[in-house]
Amino acid sequence: MIATIVIVFSLVYIGMIRGGLPFLQLDRTGIAVLGAIALIATKSLTLDEAAKALHIPTLILLFSFMVISAQLRLSGFYMLVTEKLGALRVSPAVFLAALIAVAAGLSSVFSNDVVCLAVAPVLIDICLNRHIDPVPFLLALSCSANIGSAATLIGNPQNMLIGETLKMSFVDYLRDAVVPVGAGLVMTWLLIALFWRGRWAFDPRFAVVHRDPRFEPHARFDLWQAAKGLTVAAGLFGAFLFSDWPREILALGGAGILLLSRKLHSTHMLGLVDRQIILMFIGLFIVNYAVETTELPKQGVSALAQAGFDLHDPELLYGASFLLSNVVSNVPAVMLLLPMATRPDAGLLLALSSTFAGNLLIVGSVANMIVVDAAARRNIVISWRRHALVGVPVTLLTITIAAAWYWLGIR
């Protein structure tokens, strides 16, 4: 039984590293789900044990904020905000700063992936209409969305998991994270502004101006629906700050209120829920729980500690999170390392390092891939090299800033 669990676990995480398995049409979500199925089918886990493996509060919180983000997306709120930004009569550098601030702010409350998905197509049109190169602004969108999502415990899936599992204080985390996040956003603007200084003009070799009619047009703005979504989101954020009620229950109630709509059909609302992310969480919960029952992870951690690499130490946990997040992506990395987050501030370090690490490579976060895909649909090429020119220095700077802030400031 242990051999079966180890084989399944190994194959799942090899798939996480590769983004798939040879000769099979599987992505990371498919691999995680198939791994869970294999463990149950081989009776390595019972159905009761598989159900026990699921961290229901995290899944509820994730689902609830996907519904809230769907409300704002269908209302055209993201489109309106982006268009208002594009209408500013300012220089490209100032426009860049405004975009970074707005994308980070939205991502700190709503999912960074959803923000990129809704904003990227509109942003491309705005840049092309202003005859400026979309690439620096798209890179700024993905980098700032990733960085901004680290500001709160609801900004991205891994932060939700960390906050719910470790029962972290929403206010304390926000207070400790806001400085490195803010500094990281400033450095992102500075780097991109310096790289593209004097080269903002649109180069027609890298894109086409016309819109492909095959793709869905931007949603029309609905003031009432947007106001509903923003009111619920603001109410939840205030409740998280000033009450100790369970966040997942509050968020679920907010999602339920938004589903009670006379205009937006629940099919459309729930259709925008990212089932891929939820299913990947479910699969990884089960796979990781199975390997924990073998006691092999504890033995491995003990062996590393005896060799001088105790992953319970904040410094090593921080570094391991950064490295592992770029190997298997941040959500699987966090799931593997959470059992080692036993010391004060371990949750903060795990959240910051796993999130900031996402900017290093295109495959480091889903937000990056969404932006690159949106660009590709308009014949705008963002290669690995073009992304790395911004992503690598942004990642190294933000990781260094967060480390310095912790060890020299709040520790």
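Conventions and cut-offs
Residues numbered from 1 in each chain as written. Predicted model: local features only at pLDDT ≥ 70, side-chain atom pairs only at ≥ 80, totals over all residues. Heavy atoms only, no water. Helix = DSSP H or I, 4+ residues; strand = E, 2+ residues; numbered from the N terminus. Rg over C-alpha atoms; globule rule 2.2 N^0.38 Å. Buried < 20%, exposed > 50% of the residue type's maximum accessible area, 1.4 Å probe, protein only. Contact = heavy atoms within 4.5 Å. Areas by Shrake-Rupley, 256 points an atom, 1.4 Å probe, with all protein chains shown as cover. Patch = residues over 30% accessible without salt bridge, like charges linked within 9 Å, V, L, I, M, F, W, Y side chains within 5 Å. Salt bridge = Lys/Arg side-chain N within 4 Å of Asp/Glu carboxyl O. Phe/Tyr/Trp six-rings, centres within 6.5 Å; stacked < 30°, edge-to-face > 60°. Axes fitted to C-alpha atoms, helices over the stretch in contact; angles between N-to-C directions. Parallel < 35°, antiparallel > 145°, perpendicular 65-115°, else oblique. Left-handed = near helix turned anticlockwise from the far one by under 90°. Nonpolar A, V, L, I, M, F, W, Y, C, P; charged D, E, K, R; others polar. pLDDT = per-residue confidence, 0-100. Core = buried A, V, L, I, M, F, W, Y, C linked by side-chain atoms within 4.5 Å. Expected span 1.5 Å × (residues − 1).

## Overview of the overall build of the protein
- Helices and strands together make up the secondary structure of the protein, namely 20 helices and zero strands.
- The C-alpha radius of gyration of the protein comes to 21 Å, within 12% of the 22 Å expected for a compact globule of 411 residues.
- Along the first, second and third principal axes, the C-alpha atoms of the protein reach 60 × 50 × 50 Å.
- Taking all 411 residues of the protein together, 53% fall into the buried category.
- Once local pairs closer than 6 in sequence are excluded, the contacts in the protein between residues at least 24 apart make up 80%.
- For the protein, the accessible area works out to roughly 18200 Å², and carbon and sulfur atoms hold 67% of it.

## Overview of a nonpolar patch on the surface
- Together, Leu-190, Leu-194, Phe-195 and Leu-389 make up an exposed nonpolar region whose accessible area comes to about 320 Å².
- In terms of residue count, helix H10 (residues 170-195) provides more of the nonpolar patch than any other element does, three residues in total.
- Relative to the helices and strands, Leu-389 resides in helix H20 (residues 384-410).

## Topic: the packing of aromatic side chains
- In total, this model carries 11 aromatic pairs according to the counting rule given.
- Pairing Phe-137 with Trp-200 gives two aromatic rings, centres 5.5 Å apart and planes at 40°, and the pair type is tilted. One end of the pair, Phe-137, is in helix H8 (residues 134-149); the other, Trp-200, is in the loop between H10 and helix H11 (223-242), with 63 residues separating them in the sequence. Per residue, the accessibility class of Phe-137 equals that of Trp-200, and both read buried.
- Judged by centre distance (5.3 Å) and plane angle (55°), the rings of Phe-170 and Phe-240 are tilted. Residue Phe-170 is located in helix H10, and its partner Phe-240 is located in helix H11; the two are separated by 70 residues in the primary sequence. Comparing Phe-170 with Phe-240 shows no difference in burial state: the two are buried.
- Grouped by ring-pair contacts, the aromatic residues Phe-65, Phe-170, Phe-237 and Phe-240 constitute a single cluster.

## Observations concerning the side chain of Asn-330
- Following the sequence through the fold, Asn-330 ends up in helix H17 (residues 330-337).
- Using a relative accessible area of 11% as the deciding quantity, one classes Asn-330 as buried.

## Comments concerning the pattern of salt bridges
- Taken as a whole and assessed by the stated rule, the structure comprises eight salt bridges.
- The closest approach of N and O atoms between Glu-164 and Arg-247, which form a salt bridge, is 3.3 Å. Residue Glu-164 is found in helix H9 (residues 157-166), and its partner Arg-247 is found in helix H12 (residues 247-259); the two are separated by 83 residues along the sequence.
- Judged by relative accessible area, Glu-164 falls into the buried class, the value being 3%.

## Some thoughts on the packing of helix H14 (residues 275-293) against H17
- Contact pair H14 / H17: the axes reach a minimum separation of 11 Å and the direction vectors enclose 30°. Considering the angle they form, H14 stands roughly parallel to H17. Once H14 is placed against H17, the crossing between them reads as right-handed. Of the residues in H17, those touching H14 at Met-280, Phe-281, Leu-284, Phe-285 and Asn-288 are Val-331, Pro-332, Met-335 and Leu-336.
- Classifying every residue of the contact of H14 with H17 gives eight nonpolar, one polar and no charged.

## Observations concerning the confidence of the model for the protein
- When pLDDT is averaged across the protein, the result is 88; 95% of the residues are at 70 or more.
- Segment residues 212-217: pLDDT under 50, and one contact once partners within four positions in sequence are set aside and those in other chains are kept.

## Re the nonpolar core
- Ranked by internal contacts, the top residues of the largest apolar core, which has 141 residues, are Phe-65, Tyr-78, Leu-123, Phe-137, Tyr-173, Phe-281 and Leu-284.
- Element by element, the count of residues in this core is highest for helix H7 (residues 112-129), at 12 residues.
- If we ignore the near neighbours within four places in the chain, the residues touching Tyr-173 are Ala-150, Ala-151, Thr-152, Leu-153, Asn-159, Met-168, Leu-348, Ala-351 and Leu-352.

## Overview of helix H6 (residues 92-109)
- For H6, which comprises 18 residues, the first-to-last C-alpha distance of 26 Å matches the rise-based estimate of 26 Å (1.5 Å per residue) to within 8%.
- For H6, the set of buried residues is Phe-95, Leu-96, Ala-98, Leu-99, Ile-100, Ala-103, Ala-104, Leu-106, Ser-107, Ser-108 and Val-109.
- Tucked inside the fold, the buried residues of H6 contact helix H4 (56-74), helix H5 (77-86), H7, H8, H10 and H11.

## A short note on the packing of H7 against H8
- Put simply, H7 and H8 touch, their axes get as near as 10 Å, and they point 160° apart. What the angle tells us is that H7 and H8 run roughly antiparallel. The handedness of the crossing between H7 and H8 comes out as right-handed. Residue-level contacts link Asn-112, Cys-116, Val-119, Ala-120, Leu-123, Ile-124, Cys-127 and Leu-128 of H7 to Pro-134, Phe-137, Leu-138, Leu-141, Ser-142, Ala-145, Asn-146 and Ser-149 of H8.
- Split by residue class, the contact of H7 with H8 holds 12 nonpolar, four polar and no charged.

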